[in-house]
Amino acid sequence: MDGGSVYLGVFSGMGVFYITTPIYYPNAPPHLGHAYTTVFADVLARYHRLIGDEVFFLTGTDEHGLKLQRVAEREGVSPKEFVDRMAGVYREYWAMLDISYDRFIRTTDPDHERVVVEAVRRLYEKGLIYKAKYSGWYCVDCEKFYSEGEYEVVGGKPYCPIHRKPLEFLEEETYYFRLSVFEDFLRRILSEGGIVYPDQYAREVLGKIDKEGLRDVSIARPRERVWWGIPLPWDRDYTVYVWFDALLNYVTGAGYLSDEERFKKYWGGVHHVIGKDILWFHTAIWFSVLEALEIPPPKKLIVHAFVINRGLKMGKSAGNIVRIEDLVERYHGSDGARYIIARIFNLYRDVEVSNELLDSFYNSELVDTYGNLVRRVGVLAKKKLNGIVENRGLESGLEKKITETIEAYREAMDKYETPQAITAVMDLLREANAYVNKTRPWEKQEPIEELYSLLETIKYATIMLSPITPRAAGRTSQALGFTITNPYETRLGGQEKYIIREAPILFKKIK
Ligand code: MSP
């Protein structure tokens, strides 16, 4: 299957930023590992809204399959009851972190089930699905078959390399998707670059194809084993394999088969965010399914590394999770938790978390640098100038630094490097704090020219941090009297005066 899609060219995606997270298995509440992806995606969504793009942000839950079927059985409820409850739990957690999704999609939503049925029907009619016997080692936690070389061997038995649990041997007559047909297409699209970001992950997939080749994959499960799923339209003794079902959520969310206009508009600007554990599914399988359906590949697939704790990937089965509610409590609300996540975020390397590391970012940056400057300048303006600070020109050192910071911030955000974006802003704020110490405005009388430049600095810093700490941004802009607008289109020194209502204490220190 090669030769471009009929759809190409129609999908411009100009000014549209469609962003997705993986849809999570709702077998248990989300933890810091899931929040890592979701907060990052939310920061990008808010950033793109800030700079005037039309944003659509999709997240949700992956509700079918053996894993959920078994959990519900253990709990003694029907899978539907179970996932209904857990979808609610997910929403509560995302509310706790101020996640600004536009749709929470569930694979049990009727519009999604329709898309899945229609998509597999199309693939079947194209001869891309056939029946054959399948056998292999399966991890229910991953909902994935492992081949030799991929799994670990413990005591002579195959183990899941991620969950460190024994694999189950499955042998069944099933339906296959002709993934092997897409080898040339995948090699081309992955080696051209530009979609998978960072590119090292594209090379990783290419390496795997070189080593193992591309084998056809099971696309269905016998109903007697996995009944909790969407039946194949031409053979109701089978349900659609949970990964095929799940991946299609991204097109459902954009309006595929329900609103073609909308779909064309959003799909051209689609950015998927995933952890590296599900890279293969989102490249080899997803790109091929899209090609088979004559839909162009995503604009970007942004892949990040893991949060690890005590040396292991954070996860329920490793027993090393950090709970979201604990983070929100420790860092005094959503902003603090969001900040430390965006601050440690890493596309390339796994990050080991500890209270010491997270506390130090929170205390030294958010509390001592940002919060401190806002409070100091607010107090000075109230006390010395009765809260009215006129534009008396910008101090040239700070003016230059603000301009450079906006540039550095933009570059970092273009590369999805939230920590770099944050450190650029913190540098600016540190310089402003040093400027206060040096000029000692508390010893001066009206007009105290320094204050205007300091307020401009706070304004730009607050705008740039607003996708990360939206509550503090709202509070600061209200208290100091400015609006949060596109930083690339706001004129530096353009505000006539600041009218200060209060000098807020934004963040509480962790002792
Ligand atoms: N349901 C599938 C995804 C289907 S998408 C079409 C799934 N769900 S999951 O609940 O297991 O979530 C996996 C994702 O959660 C990872 O890809 C990553 O985004 C996030 N993380 C979970 N634990 C993580 C870490 N310890 N570190 C970083 N991210 C991790 O797979």
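Residues numbered from 1 in each chain as written. Predicted model: local features only at pLDDT ≥ 70, side-chain atom pairs only at ≥ 80, totals over all residues. Heavy atoms only, no water.

Asks: What exactly am I supposed to notice about the site of the ligand here?
Replies: For the ligand, the set of nearby residues contains 25 residues, the closest of which are Ile23, Thr37, Asp62, Asp277 and Val307. Between the ligand and Asp277 there is a distance of 2.8 Å, counted from an oxygen atom to a side-chain nitrogen or oxygen. In this structure, Val307 approaches the ligand through a main-chain N or O atom, which is 2.8 Å from a nitrogen atom. When the free accessible area of the ligand is taken as 670 Å², the share hidden by the protein chains comes to 95%. Looking at the shell around the ligand, the elements with two or more residues in it are α1 (32–50), α7 (242–247) and α8 (249–254). The biggest single contributor to the shell around the ligand is α1, with four residues. (Near = heavy atom within 4 Å. Polar contact = N/O pair within 3.5 Å; in protein donor to acceptor, adjacent residues only side chain to side chain. Areas by Shrake-Rupley, 256 points an atom, 1.4 Å probe, with all protein chains shown as cover. Helix = DSSP H or I, 4+ residues; strand = E, 2+ residues; numbered from the N terminus.)

Asks: Looking at this structure, I do not really get the packing of aromatic side chains. What am I missing?
Replies: Aromatic ring pairs are defined here through the distance separating the ring centres and the angle between the ring planes. Taken as a whole and assessed by the stated rule, the structure comprises 37 aromatic pairs. Ring centres 5.7 Å apart and planes at 50 degrees place the aromatic pair Tyr18 and Phe56 in the tilted group. With Tyr18 in strand β1 (residues 16–20) and Phe56 in strand β2 (residues 54–61), the pair connects residues that are 38 residues apart, well separated along the chain. Overall, Phe56 belongs to the buried group, its relative accessible area being 11%. Measuring from centroid to centroid gives 5.5 Å for Phe177 and Phe244, while their planes differ by 75 degrees, and the two rings are edge-to-face. In this pair, Phe177 sits in strand β8 (residues 168–177) while Phe244 sits in helix α7, placing the two residues 67 residues apart along the sequence. In terms of burial, Phe177 and Phe244 fall into one category: buried. Taken together, the aromatic side chains of Tyr18, Phe56, Tyr250, Tyr256, Phe263, Tyr266, Trp267 and Trp286 make up a single cluster linked through ring pairs. (Phe/Tyr/Trp six-rings, centres within 6.5 Å; stacked < 30°, edge-to-face > 60°. Buried < 20%, exposed > 50% of the residue type's maximum accessible area, 1.4 Å probe, protein only.)

Asks: In this structure, what is going on with the side chain of Arg106? I would like to understand it.
Replies: In this structure, Arg106 sits in strand β3 (residues 103–106). At 2.6 Å, the side chain of Arg106 and the side chain of Asp84 are in polar contact. The contact partners of Arg106, leaving out residues within four places of it in the chain, are Thr61, Glu63, Lys80, Val83, Asp84, Ala87 and His112. (Contact = heavy atoms within 4.5 Å.)

Asks: For this particular structure, what's the right way to read the pairing of β8?
Replies: Look at any regular strand and the pattern is simple: side chains alternate between the two faces of the sheet. Where strand β4 (residues 129–139) meets β8, 10 bridges bridge the pair, whose relative direction is antiparallel. Across the sheet, residue Lys131 finds its bridge partner in β8, namely Tyr175. Sheet analysis places β8 next to strand β10 (residues 217–218), joined by two bridges and oriented antiparallel. Among the inter-strand pairings, Phe177 is bridged to a residue of β10, identified as Val217. (Pairing = 2+ DSSP bridges.)

Asks: It is not clear to me how the sheet that holds strand β13 (residues 235–240) should be interpreted in this structure. Could you clarify?
Replies: Across the sheet, which stays open at both edges, the three strands sit in the order β11-β13-β12 with antiparallel pairing between neighbours. Two strands in the sheet have a free side with no partner beyond their single neighbour: β11 (220–222) and β12 (231–232).

Asks: How do you make sense of the side chain of Asp359 when you look at a structure like this?
Replies: Within the secondary structure, Asp359 is located in helix α13 (residues 355–385). Beyond its immediate stretch of four places on either side in the chain, Asp359 contacts Arg330, Tyr331, Ser364 and Ile510.

Asks: Would you take a moment to explain the sheet that holds strand β18 (residues 351–352) for this structure?
Replies: Strand pairing in a sheet takes place through backbone hydrogen bonds and is either antiparallel or parallel in direction. One open sheet holds the three strands; their spatial order is β17-β16-β18, and the pairing between them is mixed. Of all strands in the sheet, those bounded by a partner on one side alone are β17 (312–313) and β18.

Asks: I tried to follow helix α14 (residues 396–414) on my own but got confused; where do I start?
Replies: The periodicity of an α-helix, 3.6 residues per turn, causes residues three or four places apart in sequence to face the same way. Helix length check: α14, at 19 residues, gives a terminal C-alpha distance of 27 Å against a target of 27 Å (1.5 Å per residue), a fit within 8%. The complete set of buried residues in α14 reads Leu398, Lys401, Ile402, Thr405, Ile406, Tyr409, Ala412 and Met413. Looking straight down α14, one finds that the buried residues subtend no more than 140 degrees of arc, so they occupy a single side. In α14, the exposed positions angled more than 90 degrees off the buried face are occupied by Ser396, Lys400 and Asp414. Looking at the packing, one finds that the buried side of α14 touches α1, α15 (418–439) and α16 (450–465). Structurally, the start of α14 carries an N-cap: the backbone nitrogen of Gly397 is 3.2 Å from a side-chain oxygen of Glu395. (Expected span 1.5 Å × (residues − 1). Arc of directions from axis to C-beta.)

Asks: Got a minute to help me understand the confidence of the model for the protein chain in this structure?
Replies: Detailed reading of the predicted model is not advised wherever pLDDT is low. Looking at the protein chain as a whole, its pLDDT mean stands at 95, while 97% of the residues score no less than 70. A low-confidence stretch, residues 1–9 (pLDDT under 50), is modelled with 23 contacts involving residues beyond four sequence positions or located in other chains. (pLDDT = per-residue confidence, 0-100.)

Asks: Which parts of the structure should I look at to understand the pattern of salt bridges?
Replies: When the charged atoms of two side chains lie near each other, side chains of opposite charge can form a pair. Tallied over the entire structure, the rule returns 41 salt bridges. For Arg471, the salt bridge goes to Asp98, with nearest N and O atoms at 2.6 Å. With a gap of 373 residues between them, Arg471 in helix α17 (residues 470–480) and Asp98 in the loop between α3 (79–96) and β3 connect regions that are remote in the sequence. Arg471 gets classed as exposed once you look at its relative accessible area, which sits at 54%. Put simply, Asp277 and Lys313 hold a salt bridge, and the shortest N to O gap is 3.2 Å. Residue Asp277 is found in the loop between β14 (270–275) and α10 (279–292), and its partner Lys313 is found in strand β17; the two are separated by 36 residues along the sequence. Salt bridges here are not isolated pairs; linked through shared partners, they connect Glu63, Lys80, Asp84 and Arg106. (Salt bridge = Lys/Arg side-chain N within 4 Å of Asp/Glu carboxyl O.)

Asks: Can you help me understand the pairing of strand β15 (residues 300–304) in this one?
Replies: Counted residue by residue, β15 has five buried out of five residues, so it is predominantly covered. Side chains Lys300, Ile302 and His304 of β15 all project onto a buried face; the interleaved residues Leu301 and Val303 project onto the opposite face, where all are buried too. Judged from the two bridges that link them, strand β9 (residues 196–197) and β15 form a sheet pairing that is parallel. Residue Val196 lies in a different strand from β15, and its bridge partner there is Leu301. One ladder, built from five bridges, connects β14 with β15; its direction is parallel. Bridge pairing links His271 to Lys300 in β15. Remark: the β14/α10/β15 crossover connection has right-handed handedness. (Right-handed = clockwise from strand over helix to strand, strands pointing away.)

Asks: Explain unusual backbone geometry to me, please; I cannot follow it from the model alone.
Replies: Leave glycine aside and you will find that most residues have negative phi; peptide bonds, for their part, are mostly trans. Following Tyr197, the chain continues to Pro198 via a peptide bond in cis, the omega torsion being -10 degrees. Relative to the assigned elements, Pro198 resides in the loop between β9 and α6 (200–212). A cis amide bond links Glu446 with the next residue in sequence, Pro447, at an omega value of 10 degrees. Although it is not a glycine, Arg164 sits at a positive phi angle of roughly 50 degrees. The phi torsion at Glu294 lies on the positive side, around 60 degrees, for a residue other than glycine. Position of Glu294 among the secondary structure elements: in the loop between α10 and β15.

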